[in-house]
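Chain and residue survey
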Amino acid sequence: MDSLRAAVLACLLWGLVLSGCVRTVPSPAEAGGGEEIALWEDRRSLAKGRLVELAGKGPVPVRVRALRALARIQEPSTLEAVLAGLSAAEVPVRDEAAFAAGVLALSWEPLTDAEKARLTEALLAAEASEKDEDVRSTLLESLGKLATPGAVKRLTERLAKERPEVGARAAVALGVAARRGASLAEVPLERAAVLLQSGEPETSRFGGAYLLASAKRPEGLGLLRRCLGDEAPDVRALCAKGIGDAGGPEDAAVVGRLLRDEVPRVAAEASRALAKLAARCSGDCTPLDELRALDGHAGRVGRGDSVAGHALLALAQLGLPEVGRPVLVALRRALQESVPSAASEVATGDLMNLDCRLAAALDRQTGALDEVLRCGGGQVPEARRLALGLREVAQSRGKGGASGAVQYLAYPDSRVRLAALEAVSAHPVPEAAGPVRALLEGKDMVEAAAAASTAGKLKDMEALPQVRALAERVPQEPDIVAPVAEGLVALAGKDAEPVLRTWLEHPHANVRRVAAETLSGLTGQPVRAAHVDLPESVRRPEPAPAGSTLTFRTNKGDFTVALDAEAPLTSGNLVALARKGYFRGITFHRVVPDFVAQGGDPRGDGEGGPGYSIRCEITRRPYLRAVLGMALSGKDTGGSQFFFTHSPQPHLDGRYTAFGEVTRGMEVVDRLLEGDTIHEVVVSP
């Protein structure tokens, strides 16, 4: 599918979150005066008020570009300048201001109650008077991101009283608000029945299903059961998810039918839903009986249909209560029995990786490493097996301490040591204190920072000098700030305040955010960092050439990604890394079925990167299926990790830089499982 056809199809299938795909709004790349504004944006500079001034007056393209820069800089002090754009005479300016307001609502450094109230007031007034449908759609999206009671009330009114296409937009926005912590207890769910009618377009049906799945209310179960048979896979998947969150064991049979769905991401949601229902069983457990049907998926994986493994992976990631142990054991047996007739080495690898995933789920039930020590049939490296098991032990509930994890704090592979720290941090045991102090002295800063946090959980006061020494390195190693701050406060208490206050003036936004957040908790008073420009010497990747594509060559096949001109630095960063051969041998370390496939980490455990960070470049591209996004751990923390979406994810819009789409080979992305390898990333032109 070429990129133009893909864009048109996206508009047809997902117009409700894009607020109108066909627009006259100039993109940042087209806007006049864009280069000067882009340089300010890169330095996170307000240019002594000049950027705010340009957002308020001058040619429309310049104002639009300035508003986009304010959105990306995400500085709360510019709120009034953004809100002023909501009343502009020109439609493109109002639309960009509405978008920028939504991005500010998602600020990594939370808005104050007064700022939220002001933003709510302005968005409600603008939405009530707006005549342009595209701008109104953007305003509804931004109200969902804001998620205040006033925003939820207005969205509820639009859901109940507007025509279906507007109601669908309000429904998705309400779902996003729920993801942001808003209560949907007063939202009338019967309106979803109108949206879910078979004659309505897919966008409306998706909106109804998204609302029901997000509300998690038992009174929506009747509608959720009916929409399990919808013709659109994304709707079916949402309805299965909703039943998993709001239903009971009696729903197992109807959800279980979706384990045989022809679209694997739907089967994965059914598997996940059945696991949730199984956790509510008392006595006979029909959900567990239904999950036994997954043994057929094991056979399909062995025959080379790796995407069938998503349902098994989803189950393993979520886990089962101890009563479900026989199901996990039986599924492991089915995987192992498929090995002799496996279609290829790749299929064998998939079978054994899934075997270890299920083994780790079994170890989570007991809270101790056991099954992972023997899983994988010699196909899965010991380090991967141990790291999987230790992370599951960390998630075990109601179990004893992690004494068995202590020995792995000295394991040769850093990924295992980091997973052991996670287990010890979740279940502290006194004998871990000495080995943890040893890791505080290591050269691996990711590991040392995690050790600082763990020392805090252990209340090991002997580690305080080492944690203080790490805190002194934060200005040069900003990526370690969060766990070091956690450990420092746990051990030093109020005495940590002077160090934290020096971080409030650090050029890196995430250091300032962590400092402000930590100080707010420590002092009991809200603390906000001042705005700080990045230095002129800050790293600025070369923009990607126009029309750039990346072809990912993996052990599952090839797929091609078209990069966005509206995110030139983010795209250019990936292009530069690819040209250096950076991604050779790197795995997709995280695959969450019906959500994302994530890769780009040289460590392979989600904690690595290229040794620098780049700025966020939030775009107007919505997170539809097959979109490329930049993984983050805070504001402006992008590096080399990226992800591809399996299905629409509206709650990611405006939060993570979306900077491309898969234009060929999405079926390859669907086949990816944890541990699959990138052989090469080829840049064109």
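Residues numbered from 1 in each chain as written. Predicted model: local features only at pLDDT ≥ 70, side-chain atom pairs only at ≥ 80, totals over all residues. Heavy atoms only, no water.

Below, the discussion takes up the overall build of the protein chain. Within the protein chain, the secondary structure is distributed over 32 helices and 8 strands. Scaling as 2.2 N^0.38, a compact globule of 685 residues should have a C-alpha radius of gyration of about 26 Å, and the protein chain matches this with 25 Å. Out of the 685 residues belonging to the protein chain, those deemed buried represent 62%. Contacts spanning at least 24 positions in sequence make up 71% of the contacts within the protein chain whose residues lie at least 6 apart. In the structure as shown, the protein chain presents an accessible area of about 25,900 Å², 51% of it carried by carbon and sulfur atoms. Considering the protein chain, the positive charge centre built from 83 side chains and the negative charge centre built from 89 side chains are found 1 Å apart. (Helix = DSSP H or I, 4+ residues; strand = E, 2+ residues; numbered from the N terminus. Rg over C-alpha atoms; globule rule 2.2 N^0.38 Å. Buried < 20%, exposed > 50% of the residue type's maximum accessible area, 1.4 Å probe, protein only. Contact = heavy atoms within 4.5 Å. Areas by Shrake-Rupley, 256 points an atom, 1.4 Å probe, with all protein chains shown as cover. Lys, Arg positive; Asp, Glu negative; His and termini not counted. Charge placed at Lys NZ, Arg CZ, Asp CG, Glu CD.)

In this section: the packing of aromatic side chains. The way to describe two aromatic rings as a pair is by their centre distance and the angle between their planes. By the definition in use, this model includes 13 aromatic pairs. Seen from their ring centres, phenylalanine 552 and phenylalanine 644 are 5.6 Å apart, and the 90 degrees between their planes marks the pair as edge-to-face. With phenylalanine 552 in strand E1 (residues 549–554) and phenylalanine 644 in strand E6 (residues 642–645), the pair connects residues that are 92 residues apart, well separated along the chain. Overall, phenylalanine 552 belongs to the buried group, its relative accessible area being 0%. Of note, arginine 539 hangs over the ring of tyrosine 612, and the distance from its end group to the ring centre comes to 3.7 Å. Taking NZ or CZ as reference, arginine 655 lies 3.6 Å from the ring centre of tryptophan 108, over its face. (Phe/Tyr/Trp six-rings, centres within 6.5 Å; stacked < 30°, edge-to-face > 60°. Lys NZ or Arg CZ within 6 Å of the ring centre and 35° of its normal.)

Attention now goes to the sheet that holds strand E3 (residues 590–592). Strand pairing in a sheet takes place through backbone hydrogen bonds and is either antiparallel or parallel in direction. Strand order in the open sheet made by the 8 strands is E3-E4-E6-E5-E7-E2-E1-E8, with antiparallel pairing throughout. One side of each edge strand has no neighbouring strand; the edge strands of this open sheet are E3 and strand E8 (678–684). Sheet twist, expressed as the mean angle between neighbouring strand axes with direction ignored, is 25 degrees. Both strand E4 (residues 596–599) and E6 contribute to a ladder of 4 bridges, which runs antiparallel. Bridged to valine 596 within E6 is threonine 645. (Pairing = 2+ DSSP bridges. Axes fitted to C-alpha atoms, helices over the stretch in contact; angles between N-to-C directions.)

What follows concerns helix H16 (residues 264–278). Under the 1.5 Å per step criterion, the end-to-end length of H16 is 21 Å for 15 residues, consistent within 8% with the ideal 21 Å. With 14 of 15 residues buried, H16 is to be regarded as a mostly interior element. (Expected span 1.5 Å × (residues − 1).)

Once that is clear, we can look at unusual backbone geometry. With omega at 0 degrees, the peptide bond leading from serine 684 into proline 685 counts as cis. You can see proline 685 is positioned in the segment after E8. Positioned with a positive phi, lysine 48 is a non-glycine residue whose angle comes to about 55 degrees. Among the secondary structure elements, lysine 48 is positioned in the loop between helix H2 (34–42) and helix H3 (50–56). You will see that lysine 459, though not glycine, has its phi angle at about 55 degrees, which is positive. Along the chain, the position of lysine 459 falls in the loop between helix H26 (445–458) and helix H27 (464–473). A relative accessible area of 56% places lysine 459 in the exposed class.

Another point: the confidence of the model for the protein chain. Parts of the model with low pLDDT should not have their predicted coordinates read in detail. Considering every residue of the protein chain, the mean pLDDT works out to 94; 95% of them sit at 70 or more. Under a pLDDT of 50 for its full length, residues 1–32 has, in the predicted model, 65 contacts with residues more than four places off or in other chains. (pLDDT = per-residue confidence, 0-100.)

Relative to the assigned elements, leucine 123 resides in helix H7 (residues 113–129). Linking leucine 123 and glutamate 422, residues 299 residues apart in sequence, is a C-alpha distance of 42 Å. Once you skip the residues sitting within four places of it in the chain, leucine 123 turns out to touch Leu86, Ala101, Leu139, Ser142, Leu143 and Leu146.

Right, let's get into H2. Listed as buried for H2 are Gly34, Ile37, Ala38, Trp40, Glu41 and Asp42. Against H3, helix H4 (60–73) and helix H31 (568–579) lie the buried residues of H2. One or two steps after H2, the chain reaches arginine 44, where phi turns positive at roughly 55 degrees.

A full pass over the atoms with the stated rule returns 62 salt bridges. Note that glutamate 96 is salt-bridged to arginine 620, the shortest N-O span being 3.2 Å. With glutamate 96 in helix H6 (residues 91–105) and arginine 620 in the loop between E4 and strand E5 (627–630), this pair connects stretches of sequence that are 524 residues apart. Of the residues examined, glutamate 96 reaches a relative accessible area of 0% and is grouped as buried. Its salt-bridge partner being arginine 154, residue glutamate 127 comes within 2.9 Å of it at the nearest N-O pair. Taken together, the residues span a long stretch of sequence, with glutamate 127 in helix H7 and arginine 154 in helix H9 (residues 149–161) at a distance of 27 residues. (Salt bridge = Lys/Arg side-chain N within 4 Å of Asp/Glu carboxyl O.)

This brings us to the environment of leucine 369. Its place among the elements puts leucine 369 in the loop between helix H21 (345–366) and helix H22 (382–395). Between the alpha carbons of leucine 369 and glutamine 336 there is a distance of 20 Å; along the sequence they are 33 residues apart. Excluding residues that lie within four positions of it along the chain, leucine 369 makes contacts with Asp363, Leu386, Gly389, Leu390, Val393 and Tyr408.

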